[in-house]
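Remarks on the overall topology
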Amino acid sequence: MELLLSGRYSRWLEPARVPMVEEPVVTGAWWDYADPIAARGMGTMLAAHPRPVKALLRDWARDGDIWKRRTAILAQLRAGRATDTALLADAIRPSIADPEFFLRKGIGWALREYSRTDPGWVLAFTETHTGLSPLSRREALKHLERKGLP
């Protein structure tokens, strides 16, 4: 995992190596595998190869495997201003109604991180997506509440 996610080898993170990234997400089947792969692996791959990786993440967002869905949701955690909000929304929407804790927490985390960059977008998203779980909403708005926004 560390070699895969090391900045030194980031050039190896390309669409042809998706199976190498996907395997530990699916077989590890836990947050300690999926989260670093999402933020550092898929996020790096997305920045370098946006077109094919966006399509892949949209597919993963609708997959039956919750860890692939969580990976799609969290892939832009480190993107900041480079976040593709259409992709973020597309990654979140298929899991909004899912009762799975790790999906709900992941949705909130992704929105909370992006709220540091664009609080208005996150507020609008949470207001228009009324089906967000209380956990997702609470996590998404955590930093904004401290600033007195919502």
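Heads up: these notes are all about the structure in this document. If you're wondering where the values come from, they're calculated on a predicted model, not measured in any experiment.

1. A word on the overall build of the protein
- A count of helices and strands for the protein gives nine helices and zero strands.
- Secondary structure elements of the protein, listed N to C terminal, follow the sequence α-α-α-α-α-α-α-α-α.
- Overall, the protein is about 45 × 30 × 25 Å in size when its C-alpha atoms are taken along their principal axes.
- Within the protein, buried positions represent 47% of all 150 residues.
- Long-range pairs, those at least 24 residues apart, make up 64% of the contacts in the protein with a sequence separation of at least 6.
- Accessible area for the protein stands at about 7600 Å²; split by element, carbon and sulfur atoms hold 54% of it.
- With 23 positive and 18 negative side-chain charges, the protein shows a spacing of 5 Å between the two charge centroids.

2. Focus on the pattern of salt bridges
- Tallied over the entire structure, the rule returns 13 salt bridges.
- A salt bridge links Glu139 to Arg112; the shortest N-O distance between them is 2.3 Å. In this pair, Glu139 is assigned in helix H9 (residues 134-146) and Arg112 in helix H7 (residues 101-115), connecting sequence segments 27 residues apart.
- Note that Glu139 is salt-bridged to Lys142, the shortest N-O span being 3.3 Å. With Glu139 and Lys142 both in helix H9 and three residues apart, the pair spans about one turn of that helix.
- Judged by relative accessible area, Glu139 falls into the buried class, the value being 6%.
- Look at Lys142 and you get partly exposed, because its relative accessible area is 29%.
- Among the ionic contacts, a cluster of salt bridges with common partners joins Lys105, Arg112, Glu139 and Lys142.

Cut-off values and rules
Residues numbered from 1 in each chain as written. Predicted model: local features only at pLDDT ≥ 70, side-chain atom pairs only at ≥ 80, totals over all residues. Heavy atoms only, no water. Helix = DSSP H or I, 4+ residues; strand = E, 2+ residues; numbered from the N terminus. Buried < 20%, exposed > 50% of the residue type's maximum accessible area, 1.4 Å probe, protein only. Contact = heavy atoms within 4.5 Å. Areas by Shrake-Rupley, 256 points an atom, 1.4 Å probe, with all protein chains shown as cover. Lys, Arg positive; Asp, Glu negative; His and termini not counted. Charge placed at Lys NZ, Arg CZ, Asp CG, Glu CD. Salt bridge = Lys/Arg side-chain N within 4 Å of Asp/Glu carboxyl O.

These results come straight from atomic positions and should not be treated as a statement about function.
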